[in-house]
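Architecture and fold: a report
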Amino acid sequence: MSLNIKHILLLLIFLFPLTACVEIEEFDDTPQGNFEALWKIMDEHYCFFESKNVDWNRVHDKYAQKIKPNMDRYELFSVLDSMLQEVRDGHVNLITPFNLGRYWKWYEDYPRAFDPTIVEDYLGFDYLISGGLKYKVLDDNIGYIFYESFSNNIGESSLDEMINKLSLCKGIIIDVRDNGGGSLMNVDIFASRFTNEKTLVGYIIHKTGKGHYDFSEPYPRYIEPSTRLRYQKPVIVLTNRKCYSATNDFVNTMRLFPQVTILGDKTGGGGGLPFSSEIPNGWSVRFSASPILDINKQSIEEGIDPDISVPFSTQGKKDSFIETARDLIK
């Protein structure tokens, strides 16, 4: 079966649609053919082999001996998924009708530093909702915003309403803990409400060839200030290890604004824009293809440290991150 690989940049992650089609050699729809196709897709297009110190040729030899001609699809999936986990990347998935291969150790070995039931106590039942944002003015006149996922779209009019409502607050807390990412469009829309000038927030590079070191020159990324309502007072962003992908990028952006403080725990990373391809049996693979860099041209794949690190506790049904942020604002 001919393998026609379509690299489709996921709209939930990147700023604009981009599609690239790459023809590679043919592989048969057999366990061996699917293994070789998947290994080659990663070999030619994955972007973090060097930074993660992964010897992909060694990985090939390790897993090739596990491929058997008569293995069923579940056995094949297990081998292919294990091979992909060697790159230790939460953006790498093997997608089949019966299972989703995934790597979760980027956060499993870290404290969660988040209790959703406590957050519900802070919000109560009378919180407001603007797009995907839940928010409330706390009793000390500090605004609290909880954003569960950057996949939840943010409307400009909704942001106007929220910022107007919170404009009299002493400051605001933006809680993005456990936010696994979504759309960079939402990152830009939200972050543009906290800057008054065009700001360089980082760079992006892309593969220019099949070699592990074939990359373009860094292309700068900017945030333009919104032409609508913008928030001028102190802002504290709460983070934990499950802040990933687009949320990681949001933290990378917000930390550049002078009135913003990042508080909590290190983010989970996920600094590579994912593309997707297909192997002969129809299974899809998603993988990091274009690294995002910070303003110093350093990768943010492994996460971002907070400005202020705080031990997490919920003593007396009080979230230590939220309470520390309130004290700082006051």
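The notes below deal with the structure included here. (Residues numbered from 1 in each chain as written. Predicted model: local features only at pLDDT ≥ 70, side-chain atom pairs only at ≥ 80, totals over all residues. Heavy atoms only, no water.)

**Observations regarding the packing of helix 2 (residues 56–64) against helix 3 (residues 73–85)**
Two elements in contact, helix 2 and helix 3, have axes separated by 10 Å at closest approach and are oriented at 160°. Judged on the interaxial angle alone, helix 3 and helix 2 are roughly antiparallel. For the pair helix 2 and helix 3, the crossing hand works out as right-handed. Taken together, the residues of helix 3 that come into contact with helix 2 (itself represented by Trp56, Val59 and Tyr63) are Val79, Ser82 and Met83. (Axes fitted to C-alpha atoms, helices over the stretch in contact; angles between N-to-C directions. Helix = DSSP H or I, 4+ residues; strand = E, 2+ residues; numbered from the N terminus. Parallel < 35°, antiparallel > 145°, perpendicular 65-115°, else oblique. Left-handed = near helix turned anticlockwise from the far one by under 90°. Contact = heavy atoms within 4.5 Å.)

**Details of the nonpolar core**
Within the largest apolar cluster, 37 residues are counted, with the highest numbers of intra-cluster contacts made by Ile174, Phe190, Phe194, Val235, Val237, Phe250 and Met254. Beyond its immediate chain neighbours, meaning those up to four positions away, Ile174 contacts Ile145, Phe190, Phe194, Val235, Ile236, Val237, Leu238, Phe250 and Met254. If you look at the next biggest cluster of nonpolar residues, it comprises 32 residues, including Phe27, Leu38, Tyr63 and Ile67. (Core = buried A, V, L, I, M, F, W, Y, C linked by side-chain atoms within 4.5 Å. Buried < 20%, exposed > 50% of the residue type's maximum accessible area, 1.4 Å probe, protein only.)

**Quick word on the sheet that holds strand 7 (residues 143–147)**
Sheet strands pair by backbone hydrogen bonding; their relative direction is either parallel or antiparallel. Read across the sheet, seven strands follow the order 5-6-7-8-11-12-15 without closing on themselves; strand pairing throughout is mixed. Either end of the sheet is taken by a strand with one partner, and the two such strands are strand 5 (128–130) and strand 15 (308–309). Of the strand pairs in this sheet, strand 8 (residues 172–175) and strand 11 (residues 235–239) are connected by four bridges, and their pairing is parallel. Opposite Asp175, over in strand 11, you have Leu238 as the bridge partner. (Pairing = 2+ DSSP bridges.)

**Let's talk about the pattern of salt bridges**
In a structure, side chains of opposite charge can pair up when their charged atoms sit close to one another. Taken as a whole and assessed by the stated rule, the structure comprises 20 salt bridges. The residue Arg228 makes a salt bridge to Asp160 at a minimum N-O spacing of 2.7 Å. Placement of Arg228 in the loop between strand 10 (219–223) and strand 11 and of Asp160 in helix 6 (residues 156–166) is noted, with a sequence separation of 68 residues between them. Exposure remark for Arg228: the relative accessible area of 36% places this residue in the partly exposed category. Close ionic contact of Glu323 with Arg326 constitutes a salt bridge, the shortest N to O distance being 3.1 Å. (Salt bridge = Lys/Arg side-chain N within 4 Å of Asp/Glu carboxyl O.)

**Some words on unusual backbone geometry**
Its identity is not glycine, yet Asp178 carries a phi of approximately 65°, on the positive side. Here Asp178 is to be found in the loop between strand 8 and helix 7 (184–191). Among the residues examined, Asp178 registers a relative accessible area of 18% and is labelled buried. You will see that Lys297, though not glycine, has its phi angle at about 65°, which is positive.

**A few points about the environment of Trp106**
Residue position: Trp106 is located in helix 4 (residues 105–108). Sequence separation of Trp106 and Gly90 is 16 residues, and the distance between their C-alpha atoms is 6.9 Å. Here the side chain of Trp106 touches Tyr103 through a polar contact of 3.1 Å, landing on its backbone oxygen. (Polar contact = N/O pair within 3.5 Å; in protein donor to acceptor, adjacent residues only side chain to side chain.)

**Here's the deal with the packing of aromatic side chains**
For the structure shown, the criterion picks out 19 aromatic pairs. When the centroid spacing of 5.2 Å and the interplanar angle of 50° are considered together, the rings of Phe150 and Phe250 count as tilted. One end of the pair, Phe150, is in the loop between strand 7 and helix 6; the other, Phe250, is in helix 8 (residues 246–254), with 100 residues separating them in the sequence. An identical accessibility class is assigned to Phe150 and Phe250; each is buried. One aromatic cluster in this structure is built from Trp39, Tyr46, Phe48, Phe49 and Trp56. (Phe/Tyr/Trp six-rings, centres within 6.5 Å; stacked < 30°, edge-to-face > 60°.)

**Some words on the packing of helix 1 (residues 31–45) against helix 3**
For the pair helix 1 and helix 3, the least separation of the axes is 11 Å and the interaxial angle reads 20°. With respect to each other, helix 1 and helix 3 are oriented roughly parallel. The interaxial crossing formed by helix 1 with helix 3 has right-handed handedness. Of the residues in helix 3, those touching helix 1 at Pro31, Asn34, Phe35, Leu38, Trp39 and Met42 are Leu76, Leu80, Met83 and Leu84. A per-class count over the contact of helix 1 with helix 3 returns nine nonpolar, one polar and no charged. (Nonpolar A, V, L, I, M, F, W, Y, C, P; charged D, E, K, R; others polar.)

**Some words on helix 7**
Since the α-helix advances by 3.6 residues per turn, residues separated by three or four positions end up pointing in the same direction. Most of helix 7 is tucked away: six of the eight residues are buried. Turning to helix 7, its buried residues number three or more, namely Leu184, Asn186, Val187, Asp188, Phe190 and Ala191. N-cap assignment for helix 7: the residue whose side-chain oxygen lies 3.0 Å from the backbone N of Met185 is Ser183.

**Some details on the pairing of strand 11**
Here strand 11 lies mainly inside the structure; five of its five residues are buried. Going residue by residue along strand 11, you find Val235, Val237 and Thr239 tucked away on one face and Ile236 and Leu238 tucked away on the opposite face as well. Where strand 11 lies against strand 12 (residues 260–264), five bridges are found, and the strand directions are parallel. Pairing of Thr239 across the sheet is with Gly264, part of strand 12. Taken together, strand 11, helix 8 and strand 12 constitute a β-α-β crossover, and its handedness is right-handed. (Right-handed = clockwise from strand over helix to strand, strands pointing away.)

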